[in-house]
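Summary of structural features
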Amino acid sequence: AKRAGGARFVRFAAEMRERSARRTDIETDLRLALQADQLFVVYQPVVALRPDGGTDHSAGVEALVRWRHPVRGIVPPFEFIGVAEECGLIGPLGDFVLERACRDFVRWQHELGDLAPRLLAVNLSRAQLGQPNWAGTVARILAETGMAAERLQLEVTESLAAQDTDVQQRLHELKALGITLALDDFGTGYSSLASLHLLPVDTVKIDRSFVSQSETSHHHRVLIEATVKVAQSLGMSTVAEGIETDAQATVVRTLQCDKGQGYLYARPLPSDDLAAWLRQSSG
Ligand code: C2E
Ligand code: CA
Ligand code: CA
Ligand code: CA
């Protein structure tokens, strides 16, 4: 038994070494990626759910970062956002995403007119908020790209937004620019419905884990319904994330979610494909 334990430990140590080596690789490569233009942004449509069951129409998009690595191919964000946060690259990475997304959004307004998305959602991480005068950076990017502040929504997670007064102060500074805030992945963190009113958010995004179980689990339907009711009473709108089936869309529409997002409507798309999707889904 002792020997088996030893072997397990050796294997464990090797795994840890491998993991930290991979992390160092990612860190080195990510620094290059920012300079070498390997990062790009894809956009997932967010649709307005018609309560009467009529055709849902496009309401906005969420910007999601991608990395085209010369050897590894497309690297998904969960493999590098955490690393970027730890090694101090989330600042430049986040600014890159925000600026690119605002530029694309303004271009759609010119090229697509009435078909252009109404709202641009961009994810925000804790480390970005910690940067000195980040609200000033956002104001500069809005001015430089010609993006209207009221069209921009920054998405923050519960763990980020909860209780911390310094964070709340910074969120209020952002709101003072005229942008709106969404609470991302709602239901997965520690804050509860009871503390929603403490956060300066305009929109609540109900996590995919609730939506995906909404067909089979009464419990999850009840939680979605309660979230929508509390959000409504606080004047916040709701988005159901990760809708994959018609049945899920029907459930969240029946529970009066305002908007939906998920593979049922569209996967995250490169800018040009998004324009094509908007044209096609309107016609
Ligand atoms: P998120 O903000 O919750 O974004 C939604 C994620 O769910 C995206 O994964 C999206 O592709 C995926 N998704 C959307 N609809 C469906 C569906 O119907 N089914 C399933 N299975 N998945 C769906 P993605 O793009 O891999 O991003 C993962 C996470 O990485 C994001 O979760 C967000 O937390 C983070 N992230 C992505 N881009 C950025 C960024 O630019 N900045 C920061 N700070 N974080 C980012
Ligand atoms: Ca998000
Ligand atoms: Ca989310
Ligand atoms: Ca998520």
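As a reminder, the structure under discussion sits directly above these lines.
Everything numeric here is computed off the predicted structure, so don't read it as measured data.

Conventions and cut-offs
- Residues numbered from 1 in each chain as written.
- Chains lettered and ligands numbered in written order.
- Predicted model: local features only at pLDDT ≥ 70, side-chain atom pairs only at ≥ 80, totals over all residues.
- Heavy atoms only, no water.
- Helix = DSSP H or I, 4+ residues; strand = E, 2+ residues; numbered from the N terminus.
- Rg over C-alpha atoms; globule rule 2.2 N^0.38 Å.
- Buried < 20%, exposed > 50% of the residue type's maximum accessible area, 1.4 Å probe, protein only.
- Contact = heavy atoms within 4.5 Å.
- Areas by Shrake-Rupley, 256 points an atom, 1.4 Å probe, with all protein chains shown as cover.
- Lys, Arg positive; Asp, Glu negative; His and termini not counted.
- Charge placed at Lys NZ, Arg CZ, Asp CG, Glu CD.
- Near = heavy atom within 4 Å.
- Polar contact = N/O pair within 3.5 Å; in protein donor to acceptor, adjacent residues only side chain to side chain.
- Nonpolar A, V, L, I, M, F, W, Y, C, P; charged D, E, K, R; others polar.
- Axes fitted to C-alpha atoms, helices over the stretch in contact; angles between N-to-C directions.
- Parallel < 35°, antiparallel > 145°, perpendicular 65-115°, else oblique.
- Left-handed = near helix turned anticlockwise from the far one by under 90°.
- Phe/Tyr/Trp six-rings, centres within 6.5 Å; stacked < 30°, edge-to-face > 60°.
- Patch = residues over 30% accessible without salt bridge, like charges linked within 9 Å, V, L, I, M, F, W, Y side chains within 5 Å.
- Salt bridge = Lys/Arg side-chain N within 4 Å of Asp/Glu carboxyl O.
- Donors = N, O, S within 2.8 Å, 3.2 Å for Na, K, Ca; no water.

In terms of regular secondary structure, the protein is built from 11 helices and 10 strands. Radius of gyration (C-alpha) of the protein: 20 Å, near the 19 Å computed for a compact globule of 283 residues. For the C-alpha atoms alone, the extent of the protein along its principal axes is close to 65 × 50 × 40 Å. Looking at the 283 residues of the protein, the share that counts as buried comes to 46%. A fraction of 68% describes how many contacts in the protein between residues 6 or more apart in sequence connect residues 24 or more apart. Summed over its atoms, the accessible surface of the protein is roughly 14200 Å², and 52% of this surface lies on carbon and sulfur atoms. Computed over 30 positive and 36 negative side-chain charges, the inter-centroid distance for the protein is 6 Å.

Here the focus is the site of ligand 1. As a matter of local geometry, ligand 1 sits amid 20 residues, with Gln44, Arg66, Asn123, Glu244 and Tyr263 nearest to it. One of the backbone N or O atoms of Val65 is found 3.2 Å from a nitrogen atom in ligand 1. Here an oxygen atom of ligand 1 and a backbone polar atom of Tyr263 are 2.8 Å apart. For ligand 1, whose free accessible area comes to 800 Å², the fraction covered by protein is 81%. Those elements that place two or more of their residues in the shell around ligand 1 are strand 2 (57-69) and strand 6 (180-186). Looking at side-chain class alone, the shell around ligand 1 contains 8 nonpolar, 5 polar and 7 charged residues.

As a further point, take the packing of helix 3 (residues 90-112) against helix 5 (residues 134-145). At a minimum axis distance of 9 Å, the contact between helix 3 and helix 5 shows a crossing angle of 30°. Considering the angle they form, helix 3 stands roughly parallel to helix 5. As for the relative orientation of helix 3 and helix 5, their crossing is right-handed in sense. Across the interface between the two elements, Asp95, Leu98, Glu99, Cys102, Arg103 and Val106 of helix 3 pack against Trp134, Thr137, Val138, Ile141, Leu142, Glu144 and Thr145 of helix 5. Across the contact of helix 3 with helix 5, the residue classes break down as 7 nonpolar, 2 polar and 4 charged.

Per the counting criterion, the structure on display carries 3 aromatic pairs. When the centroid spacing of 4.7 Å and the interplanar angle of 85° are considered together, the rings of Tyr43 and Trp108 count as edge-to-face. Taken together, the positions of Tyr43 in strand 1 (residues 39-48) and Trp108 in helix 3 put the pair 65 residues apart, joining distant regions of the chain. Comparing Tyr43 with Trp108, the two get one shared label, buried. Pairing Trp67 with Phe80 gives two aromatic rings, centres 5.4 Å apart and planes at 85°, and the pair type is edge-to-face. A residue pair is termed long-range when its members are at least 10 positions apart, and Trp67 in strand 2 and Phe80 in the loop between strand 3 (73-75) and helix 2 (81-86) qualify at 13 residues.

There is a patch of nonpolar side chains on the surface, built from Phe9, Val10, Phe12 and Met16 and spanning about 430 Å² of accessible area. Within the element layout of this structure, Val10 appears in helix 1 (residues 2-35). Val10 sits in the exposed class, given a relative accessible area of 55%.

The coordination sphere of the calcium ion (ligand 2) contains the protein donors Glu62 (OE), Asn123 (OD1), Glu155 (OE) and Asp184 (OD), at a distance range of 2.1 to 2.3 Å. Donor residues for the calcium ion (ligand 2), ordered by position in the chain, follow E-x60-N-x31-E-x28-D. Separating the calcium ion (ligand 2) from the calcium ion (ligand 3) is a distance of 3.9 Å, and Asp184 supplies a donor atom to each of them. Here Glu155 lies in strand 5 (residues 152-157) and Asn123 lies in strand 4 (residues 119-123), a separation of 32 residues in the sequence.

Summarising the metal site, the calcium ion (ligand 4) is bound by the protein donors Asp185 (OD) and Asp185 (OD), whose distances to it range over 2.8 to 3.1 Å. Between the calcium ion (ligand 4) and the calcium ion (ligand 3), a separation of 3.6 Å is found, and both are coordinated by Asp185. Among the structural elements, Asp185 can be located in strand 6.

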